[in-house]
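# Tertiary structure, described
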Amino acid sequence: SADGGRNLSLDSIPMGLPMSDPAAWTTAMNNLGMAPMGMTGQPLLPDFDPALGMMTGIPPINPMMPGLGIVPPPIPPDMPAVKEIIHCKSCTLFPPNPHLPPPATRERPPGCKTVFVGGLPENGTEQIIMEVFEQCGEVIAIRKSKKNFCHIRFAEEFMVDKALYLSGYRIRLGSSTDKKDTGRLHVDFAQARDDLYEWECKQRMLAREERHRRRLEEERFRPPSPPPVVHYSDHECSVVAEKLKDDTKFLEAIQTLLTWIERGEVNRRTANNFYSMIQSANSHIRRLVNEKAAHEKEMEEAKEKFKLALSGILVQFEQIVAVYHSASKQKAWDHFTKAQRKNISVWCKQAEEIRNIHNDELMGIRREEEMEMSDEEIEDPSEMKETEESALVAQVEALKEENDSLRWQLDAYRNEVELLKQEQGKASRDEDTTKEQQMKLLQQALQGMQKHLLKVQDEYKKREAELEKVREDKLKIETLLENLKEQESGTPRVCACSQEKECPVEKTLSNSPVKSEREVLLVGIISTFLHVHPFGASIEYICSYLQRLDSKICTAEVEVLMTRLQNTFRQELSGVGASLEKRWKFCGFDGLKMT
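The structure presented is a predicted model; accordingly, all values stated were derived computationally and were not measured. (Residues numbered from 1 in each chain as written. Predicted model: local features only at pLDDT ≥ 70, side-chain atom pairs only at ≥ 80, totals over all residues. Heavy atoms only, no water.)

### Here we look at the overall build of the protein
Regarding its fold elements, the protein presents 18 helices and 10 strands. Here the protein holds 595 residues, and the buried ones make up 25% of them. Considering only residue pairs separated by 6 or more positions, the protein has 63% of its internal contacts joining residues 24 or more positions apart. For the protein, the exposed surface amounts to about 42600 Å²; the carbon and sulfur share of it is 56%. (Helix = DSSP H or I, 4+ residues; strand = E, 2+ residues; numbered from the N terminus. Buried < 20%, exposed > 50% of the residue type's maximum accessible area, 1.4 Å probe, protein only. Contact = heavy atoms within 4.5 Å. Areas by Shrake-Rupley, 256 points an atom, 1.4 Å probe, with all protein chains shown as cover.)

Right, here's the structure in full:
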């Protein structure tokens, strides 16, 4: 049977030694760890100890023990794996010393099914190799060399692991002690092109299966495509018009209407039908506005409800914190143990943190409500200007739309003129006079449209000029407001000098790049700061220093002032690429020589 071929008992071992040589027989039995017995059953060596063998590291075995398979039974993880003797028909495998390190192997190639077997006996044949390694699995091919090694290819990859188990075993053919009949097996992974090709084919098959599986998953989770829109007809138009009047079917009908218009179904014959459908769509605006107002009302009610519930939660938190504080007083604190005091302190801190978070949230809601109320009550003149500007922008947009619509009408008239020209060649002579009149009328209408288009374009240019003018006025007003704020923030010093002396000072100030005493103070402070930084400093570093003195100072103001004073401050670039940095340096000493 198959089991009998893989696990062979000691009874099936051929006795190749004659009994006339008791010394050789004793040596063979001693190597197996068994007491040498004669034909009569008497021990050849009366003082033989089965626990001692001529080969170190081989445990004693029972003569009645059946043959062991190639792969031993599972060993508990806390016990060392002990290899045992393996008996075959023509040879015997003796395990290596368990105290020696495991034999070294190369890195396993992908899909490896081929092993290299070295250290074979010189008298070893393919039949003996097949007898030893077929117990590991199905052997497909054996390539034996003349130099005591071979390559064995198995049917599956896991059989290679079983073959590696035999690495380090000593093999002996029969019971011979000749050197040509013995050897030490070395089993290692071998790289074969057939193994690599099969592994790559398997990987490609797995990749195809994975792509197919992903495609199925994507198709399963992909949303279904929308249903196709029907083509326009009078019947479908009446159906869509009825659906537009129904609130539940309005979304489907408006999509169909949009598709028809984009397809170009609108012409002179169907214009009235499309106008009635657009009018029906326009009637839904009031409904949508009412729905939005209802949702906003529900949201406000939910906000009020949330605010009331949050205030109630805060009241309960305050009571819990008050309980902790009263328990922390000495009158009650002394009666608690050390562990209880620690828990009370931790609980008190946690409750106070949660209370503060909820309190900040409630205060934030109230602050937002107050800001909304203030925005509704207060209207700035700047906002009025913005509204005027937005009104002008809206007018300009309306003019653009009107201009586009006139262009479209003009194109439509041109198309009709071309159609009439084509029909004129096919019509009879009697209709020529009426066609000429229609052509003249159309040409007159075309000229009127062109004149109107030119007027609209002129008006559009005028509006744009007005818009630019309003923007310039707005910029001037903003600069004046900034100058007024700077003059108000500065503390003007009252001079005791007469008015005649003040006039030249004002003239020099008006001509100089420094406009006010505040800017003079800023120039002095910046000069002192940069004087102690000879390698320069960035504008952010300078402003951070100035903002410690006055928090109202902004970066733009300082940068504009330093840009005006080119003989006092100089801007340089340092660094390369992403580390490029702008630095300001003090150059007043050089500027004094230049001026």
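Once the structure has been displayed, the description carries forward.
### Digging into the UniProt feature "coiled-coil region" (unreviewed entry) in the protein
UniProt annotation of "coiled-coil region" (unreviewed entry) refers to residues 278-305 and 396-487 when read in the numbering used here. The span residues 278-305 shows a helical share of 96% and a strand share of 0%, and its end C-alpha atoms are spaced 41 Å apart. (UniProt positions renumbered as here; feature names shortened; annotations may be inferred.)

### Focus: a nonpolar patch on the surface
A cluster of nonpolar side chains, Leu-521, Ile-525, Tyr-545 and Leu-549, forms an exposed patch at the surface whose accessible area comes to about 360 Å². Within the element layout of this structure, Leu-549 appears in helix H16 (residues 539-549). Residue Leu-549 is classed as exposed on the basis of its relative accessible area of 56%. (Patch = residues over 30% accessible without salt bridge, like charges linked within 9 Å, V, L, I, M, F, W, Y side chains within 5 Å. Salt bridge = Lys/Arg side-chain N within 4 Å of Asp/Glu carboxyl O.)

### Topic: the nonpolar core
Counting 30 residues, the largest nonpolar core has Val-117, Phe-133, Ile-152 and Phe-154 as the members making the most contacts within it. Going through the elements one at a time, strand E2 (91-94), strand E3 (114-118), helix H3 (126-133), strand E4 (139-144), strand E5 (149-154), helix H4 (158-164), strand E6 (170-173) and strand E8 (186-189) are the ones with two or more residues in this core. Those residues in contact with Ile-152 that lie beyond four places of it in its chain are Lys-113, Thr-114, Val-115, Val-117, Ile-129, Phe-133, Val-139, Ala-141 and Ile-142. (Core = buried A, V, L, I, M, F, W, Y, C linked by side-chain atoms within 4.5 Å.)

### So, the side chain of Glu-131
Of note, Glu-131 is situated in helix H3. Comment: no salt bridge for buried Glu-131; closest opposite-charge side chain is Lys-89, at 6.5 Å. At 2.8 Å, the side chain of Glu-131 forms a polar contact with the backbone nitrogen of Ser-90. Setting aside residues no more than four positions away along its own chain, Glu-131 makes contact with Cys-88, Lys-89 and Ser-90. (Lys, Arg positive; Asp, Glu negative; His and termini not counted. Polar contact = N/O pair within 3.5 Å; in protein donor to acceptor, adjacent residues only side chain to side chain.)

### Re the sheet that holds E8
In space, the 4 strands of this open sheet follow the order E4-E5-E3-E8, with antiparallel pairing throughout. Unpaired on one side and paired on the other, E4 and E8 mark the two borders of the sheet. Put simply, the sheet's adjacent strands are angled 20° from each other on average, direction ignored. The strands touched by H3 within the sheet are E3, E4, E5 and E8, with E4 carrying the most contacts at an inclination of about 140°. (Pairing = 2+ DSSP bridges. Axes fitted to C-alpha atoms, helices over the stretch in contact; angles between N-to-C directions.)

### Structural notes on the side chain of Glu-519
In this fold, Glu-519 is placed in helix H15 (residues 517-531). Among residues more than four places away in sequence, those in contact with Glu-519 are Glu-486, Pro-513, Val-514, Leu-561 and Arg-564.

### As for the packing of helix H6 (residues 234-245) against helix H7 (residues 250-263)
Their axes nearest at 8 Å, the elements H6 and H7 cross at an angle of 135°. Accordingly, the angle class assigned to the pair H6 and H7 is oblique. Two packed elements cross with a definite hand, and for H6 against H7 that hand is left-handed. Contacts between H6 and H7 involve Glu-236, Cys-237, Val-240, Lys-243 and Leu-244 from the former and Phe-250, Glu-252, Ala-253, Ile-254, Thr-256, Leu-257 and Trp-260 from the latter. (Parallel < 35°, antiparallel > 145°, perpendicular 65-115°, else oblique. Left-handed = near helix turned anticlockwise from the far one by under 90°.)

### A look at the pattern of salt bridges
Using the criterion set out here, one finds 22 salt bridges in the structure. As a salt-bridge pair, Arg-214 and Glu-210 come within 3.2 Å of each other at their nearest N and O atoms. Taken as a pair, Arg-214 and Glu-210 lie in helix H5 (residues 193-221) at a separation of 4 residues, close to a single helical turn. Taking the shortest distance from any N to any O, the salt bridge between Glu-557 and Arg-518 comes out at 3.5 Å. Placement of the pair is Glu-557 in helix H17 (residues 555-564) and Arg-518 in helix H15, with a sequence separation of 39 residues. Judged by its relative accessible area of 17%, Glu-557 falls in the buried class. Overlapping salt bridges, with partners in common, bring together Lys-113, Arg-153, Asp-195 and Glu-198 in one network.

### Considering unusual backbone geometry
Located in the positive-phi region is Asn-148, a residue other than glycine, with phi close to 60°. As for its placement among the helices and strands, Asn-148 is situated in the loop between E4 and E5. Of the residues examined, Asn-148 reaches a relative accessible area of 24% and is grouped as partly exposed.

### As for the packing of aromatic side chains
Per the stated rule, a full pass over the model turns up 8 aromatic pairs. With centroids separated by 5.3 Å and ring planes inclined at 25°, the aromatic side chains of Tyr-232 and Phe-274 adopt a geometry described as stacked. Note that Tyr-232 is positioned in the loop between H5 and H6 and Phe-274 in helix H8 (residues 271-282), a separation of 42 residues in sequence. A relative accessible area of 13% means that Tyr-232 is categorised as buried. Overall, Phe-274 belongs to the buried group, its relative accessible area being 2%. Taken together, the aromatic side chains of Tyr-232, Trp-260 and Phe-274 make up a single cluster linked through ring pairs. (Phe/Tyr/Trp six-rings, centres within 6.5 Å; stacked < 30°, edge-to-face > 60°.)

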